[in-house]
Amino acid sequence: MSEPKTLIVSYLPRGGRSHTRALLETFRSAAGVAAEELDLLVDRPPVFLPDSLDAYVARNYLGQALTPAQAKAMAGMDRLTAQLKRAEIVVLATPMHNFSLPAPVKAWFDSVILKGETWDMGPDGFKGLMPGRKALVLMASGGRYEGPMAGWDHAMSLAKQLFGFMGFSDVRGAWASGVNNPALGSPESIVGAAQDEVRKAVRDWYGR
Ligand SMILES: Cc1cc2nc3c(=O)[nH]c(=O)nc-3n(C[C@H](O)[C@H](O)[C@H](O)COP(=O)(O)O)c2cc1C
C-alpha cells in the first residue's frame, strides 16, 4: 500500500527550544514517512497586494485569462496551493502568538484558500474542495484556553476552522497548552500529553 502523501508546514522561530518542534519530532519518528516540507521561516508566503488581489479576482471569480504580469503576481500563491493539493495529510506545526496564528502561518492560509482551488461557492453555500484529506495541527502556547478563557483562542480554533472550510474531513489538534503556567504542571508533562495525541493520529492515519 502506498504511503499517504504528507505535507509538513512549519513555522518554528524558537528553533531547538520549541515545544511545538518536540511535537513535530514525535510525528516524524512515529509516522516515519517521507514528507514534503514547507518551512515558512525560509520559504515566506506572499500576502495579497493590489496586483495579486486584482489578478485573483479576475481569474478565480470572473473567469478571465491572466496577463503574463498577472500570472507572475499569482505565481507564489499558485505554487503553494498546488503543493497543498498534492497532499493527503497535512501537518501544521506552529506556536500561538498573540492569541492567534503567527502572521506567516496566516499568510500561508491566505495563499492557499483560493476560490475554485480549495473551496467554492455552490447553490447551498460554501463548499470545501479538499474532502477526504486530513490535517493535524501541532501547537504550543504559554497559556491554556478553557472555561472563561476559551474565547481568547484564535489560533487552534482558526487553524481547525480553515482546514474545515477547505473541506478536510478529519481535522485534529495536538496542543501543548499552558507550558508557561507552572500551576498546570511541568512543560514536559504538558508536551507529553500532546505527544500522545500525535501518536494516536499517526496510529489512526498511518496504521503504525
Ligand atoms: C511573540 C510571542 C507571542 C506570544 N503570545 C502568546 C499568547 O498570546 N498566548 C499564549 O498562551 N502564549 C503566547 N506566547 C507564548 C508561546 O505560545 C509559548 O512560548 C510557546 O511555547 C511557543 O511555542 P514554541 O515553544 O513551539 O515556540 C507568545 C510567545 C511569543 C514569542
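Residues numbered from 1 in each chain as written. Predicted model: local features only at pLDDT ≥ 70, side-chain atom pairs only at ≥ 80, totals over all residues. Heavy atoms only, no water.

Q: How would you explain the pattern of salt bridges if you had to name every residue and give the values?
A: Enumeration according to the criterion identifies 13 salt bridges in this entry. Across the pair R28 and E37 runs a salt bridge, and its minimum N-O distance is 2.5 Å. For R28, a relative accessible area of 28% gives the class partly exposed. Across the salt bridge formed by R172 and D204, the nearest N and O atoms sit 2.8 Å from each other. With a gap of 32 residues between them, R172 in strand β7 (residues 170-177) and D204 in helix α6 (residues 187-206) connect regions that are remote in the sequence. The exposure class assigned to R172 is partly exposed, which follows from its relative accessible area of 23%. Owing to a relative accessible area of 41%, D204 belongs among the partly exposed residues under this scheme. (Salt bridge = Lys/Arg side-chain N within 4 Å of Asp/Glu carboxyl O. Buried < 20%, exposed > 50% of the residue type's maximum accessible area, 1.4 Å probe, protein only. Helix = DSSP H or I, 4+ residues; strand = E, 2+ residues; numbered from the N terminus.)

Q: Describe the packing of helix α1 (residues 19-31) against α6, with residues and values.
A: Between α1 and α6, whose axes approach to 9 Å, the crossing angle comes to 30 degrees. In this structure, α1 crosses over α6, and the sense of that crossing is right-handed. Residues H19, A22, L23, T26, F27, A30 and A31 of α1 touch α6, and the partners they reach there are P187, V191, A194, Q195, V198, R199, V202 and Y206. (Axes fitted to C-alpha atoms, helices over the stretch in contact; angles between N-to-C directions. Left-handed = near helix turned anticlockwise from the far one by under 90°. Contact = heavy atoms within 4.5 Å.)

Q: Run through the sheet that holds strand β6 (residues 134-141), naming residues and quoting values.
A: Taken together, the five strands give an open sheet; going across it, the order is β2-β1-β3-β6-β7, and neighbouring strands pair in parallel fashion. Looking at which strands have only one partner, the edges of the open sheet turn out to be β2 (36-39) and β7. Between one strand axis and the next, the sheet turns by 15 degrees as a mean value, whatever way the strands run. Note: strand β1 (residues 6-10) against β2, four bridges, orientation parallel. (Pairing = 2+ DSSP bridges.)

Q: Talk me through the packing of aromatic side chains; I want residue IDs and the actual numbers.
A: Aromatic ring pairs are described here by two measures, namely the spacing of the ring centres and the angle between the planes. Inspection of every chain in the model, using the stated rule, returns 13 aromatic pairs. Between the aromatic rings of F27 and Y206, the centroid separation amounts to 5.9 Å while the plane-to-plane angle is 65 degrees, which identifies the pairing as edge-to-face. With F27 in helix α1 and Y206 in helix α6, this pair connects stretches of sequence that are 179 residues apart. Each member of the pair F27 and Y206 is classed as buried. What links up through ring pairs into an aromatic cluster is the set F99, Y145, W152 and W175. Note that K115 overlies the ring of Y61, its terminal NZ or CZ placed 5.2 Å from the centroid. (Phe/Tyr/Trp six-rings, centres within 6.5 Å; stacked < 30°, edge-to-face > 60°. Lys NZ or Arg CZ within 6 Å of the ring centre and 35° of its normal.)

Q: Help me get a handle on the side chain of R133, residues and values and all.
A: Position of R133 among the secondary structure elements: in the loop between β5 (125-128) and β6. There is a polar contact of 2.9 Å between the side chain of R133 and the backbone oxygen of K85. Apart from residues no more than four positions distant in its own chain, R133 is found in contact with L84, K85, A87, E88, F168, S169 and D170. (Polar contact = N/O pair within 3.5 Å; in protein donor to acceptor, adjacent residues only side chain to side chain.)

Q: Which residues make up the site of the ligand, and what values do they have?
A: As a structural note, the neighbourhood of the ligand is formed by 16 residues, with S18, T20, F99, G143 and Y145 the closest of them. At 2.5 Å from an oxygen atom of the ligand is found a side-chain nitrogen or oxygen belonging to T20. Separating an oxygen atom of the ligand from a side-chain N or O atom of Y145 is a distance of 2.6 Å. Within the complex, the protein chains bury 76% of what would otherwise be the 620 Å² of accessible surface of the ligand. For the shell around the ligand, the secondary structure elements donating two or more residues are α1 and β6. Within the shell around the ligand, the residues separate by chemical class into six nonpolar, nine polar and one charged. (Near = heavy atom within 4 Å. Areas by Shrake-Rupley, 256 points an atom, 1.4 Å probe, with all protein chains shown as cover. Nonpolar A, V, L, I, M, F, W, Y, C, P; charged D, E, K, R; others polar.)

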